[in-house]
Amino acid sequence: MGFAKKEYDFLKEIGLSSENLGCFVDGTWKAHGPVVSSVNPVNNQTIATVMEASIDDYEEGMRACSEAAKIWMTVTAPKRGEIVRQIGEALREKLCQLGRLVSLEMGKILAEGIGEVQEIIDMCDFAVGLSRQINGLIIPSERPNHMMLETWNPLGVVGVITAFNFPCAVLGWNACNALVCGNCVVWKGAPTTPLITIAITKLVAAVLEKNKLPGAIFTAFCGGAEIGQAIAKDTRIPLVSFTGSTKVGLMVQKTVNERFGKCLLELSGNNAIIVMDDADIKLAVRSILFAAVGTAGQRCTTCRRLILHESIYQTVLDQLVELYKQVKVGDPLEKGTLLGPLHTPTSRQNFEKGIEKIKSQGGKILTGGTVIESEGNFVRPTIVEISPKSNVVQEELFAPVLYVMKFKTFEEAVEINNSVPQGLSSSIFTQKPELIFKWLGPLGSDCGIVNVNIPTNGAEIGGAFGGEKATGGGREAGSDSWKQYMRRSTCTINYGNELPLAQGINFG
Ligand code: NAD
């Protein structure tokens, strides 16, 4: 079937049509759940429809996936890496179309849409290298004629539940590592970005088919909380990686913990940038703009709190307010647009409610603070002068709203940075080495991402990504994050004829 609008025709090049089945189960596309519309946030018109998964579809998919796990975990790690390499190649070939789809369905500007798909490609490259480095250890034994080894084996099936704002990159952080580590992947994308879930899965499915591997190695479901809960409860899934709000993440964690499963949580952020009196102001202002306005304030790493030294407070603020007024708001697919729409009409309503709450708590709107009347979900980028003690500052308002506050000393600034429940990303602008090292040290930032002279957002995949406190404590993507997708065994081998016991114990 053709699309309602000609401008959506490029979707055919990535295997989508105007009516889609939303489950990839045992190597077949099918679905028996409700039909939902994928909606363009620019005008709230339907792009295409998707039939979501029913619980029966889920059951069928999980049965096949569990069977496929027995095969996939015996494929050698470098061979698994070769499959991930091919997935990376397939993504490279369709980078532009997939990037455009991310912009169309999620609402972020095209450069960010393409960047998001590039991030999965980067993760594929990283995981290919990793597939030859899943190394264990040899540990000196305290007992004669004994050897201790640490070995790593696959977990089996890894569940990945993702949020709307990074509808495919977060899948990449998890799936690339999980696959080379020998796990099958069960993915449930966000209910409002089903086309991205389907398009990415189609590419992965084609690679598996070309290599004559079971399609169930990668199983995907479009759907909402019901399928998410099924994953959380499922004892066949030893590890659930969840990305989303702190509220839902806590529920998922409780459910997974009750069955002694493991959880990898990437939850809400409430990130701050500190600008010291000696900072390079030009660099800081550019960074703040990108961090606070990029992705329309809908990144987990968006800068929501700006902590300015009193001596440069007015200078930075004047420059920022001026820049904010020049930000081009519009269709994310149009050249020159810096700020796209919020993702849904509900996000827009949340922005309006948030502004009311800010005002009621004494916040002073310096620019923005209103929605833009249109058929889409556009709002004006907003700067608010507010006390760091206000309640609203403790919460993550998922929109381009920046709270500005003043400080006198470095210690005071760090205290403000650390005074919220979340602990994802943070950044300081200074040239002073002693402040940089204090910021990175035990009395510095309490976040998972601790930056210097760069924005809070835009992390590279080479590092482990994630945050502390109410952000959930998970670490994904680079560094040694892969270890979480494997089962560690400590093995002691006795190659002698005696039975010496550890700690020198003599047992008769
Ligand atoms: P959300 O919590 O509403 O939904 C996230 C996912 O959970 C969706 O797939 C949703 O369908 C699913 N879900 C909903 N109810 C569920 C349930 N009861 N059981 C299992 N799954 C369920 O979040 P959102 O609005 O899609 O995303 C925005 C949030 O995600 C923000 O708070 C943002 O900071 C956070 N986020 C964090 C990171 C990170 O790396 N820390 C990255 C991206 C987004």
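In what follows, the structure referred to is the one given above.
Residues numbered from 1 in each chain as written. Predicted model: local features only at pLDDT ≥ 70, side-chain atom pairs only at ≥ 80, totals over all residues. Heavy atoms only, no water.

Participant: What should I look at first to understand the sheet that holds strand 1 (residues 19-21) in this one?
Facilitator: Strands belonging to one sheet form pairs held by backbone hydrogen bonds; the direction of such a pair is parallel or antiparallel. Ordered by their spatial adjacency, three strands build an open sheet running 1-5-4, and the pairing between neighbours is mixed. Each of the sheet's edge strands pairs with one partner strand only, and the pair in question is strand 1 and strand 4 (35-40). Going across the sheet, the axis of each strand differs from the next one's by a mean of 30 degrees, ignoring polarity. In this structure, strand 1 lies alongside strand 5 (residues 45-51), joined through three bridges in parallel fashion. Across the sheet, Leu21 pairs through a bridge with Met51, a residue of strand 5. (Pairing = 2+ DSSP bridges. Helix = DSSP H or I, 4+ residues; strand = E, 2+ residues; numbered from the N terminus. Axes fitted to C-alpha atoms, helices over the stretch in contact; angles between N-to-C directions.)

Participant: Just checking my understanding: could you explain the environment of Thr382 for this structure?
Facilitator: Within the element layout of this structure, Thr382 appears in strand 16 (residues 382-385). Between the C-alpha atoms of Thr382 and Ala230, which are 152 residues apart in sequence, the distance is 39 Å. For Thr382, the contacting residues outside a window of four places in its chain are Tyr324, Phe351, Ile355, Ile365, Thr367, Gly368, Gly369, Pro400, Val401 and Leu402. Among the polar contacts listed, one links the side chain of Thr382 to the backbone nitrogen of Gly369, at a separation of 2.8 Å. (Contact = heavy atoms within 4.5 Å. Polar contact = N/O pair within 3.5 Å; in protein donor to acceptor, adjacent residues only side chain to side chain.)

Participant: How should helix 8 (residues 246-258) be read in this particular structure?
Facilitator: Two residues of an α-helix separated by three or four positions point the same way, owing to the 3.6 residues in each turn. Here helix 8 contains 13 residues, and its C-alpha end-to-end distance of 18 Å stays within 8% of the 18 Å for a straight helix at 1.5 Å per residue. For helix 8, every residue scored as buried is listed here: Gly249, Val252, Thr255 and Val256. Across the axial projection of helix 8, the buried residues extend over an arc of 125 degrees, all falling on one side. Exposed residues pointing more than 90 degrees away from the buried face of helix 8 are listed as Lys247, Lys254 and Glu258. Looking at the packing, one finds that the buried side of helix 8 touches helix 7 (225-233), strand 11 (239-243) and strand 12 (262-266). In the segment just after helix 8, Phe260 is the residue with positive phi, at about 60 degrees. (Expected span 1.5 Å × (residues − 1). Buried < 20%, exposed > 50% of the residue type's maximum accessible area, 1.4 Å probe, protein only. Arc of directions from axis to C-beta.)

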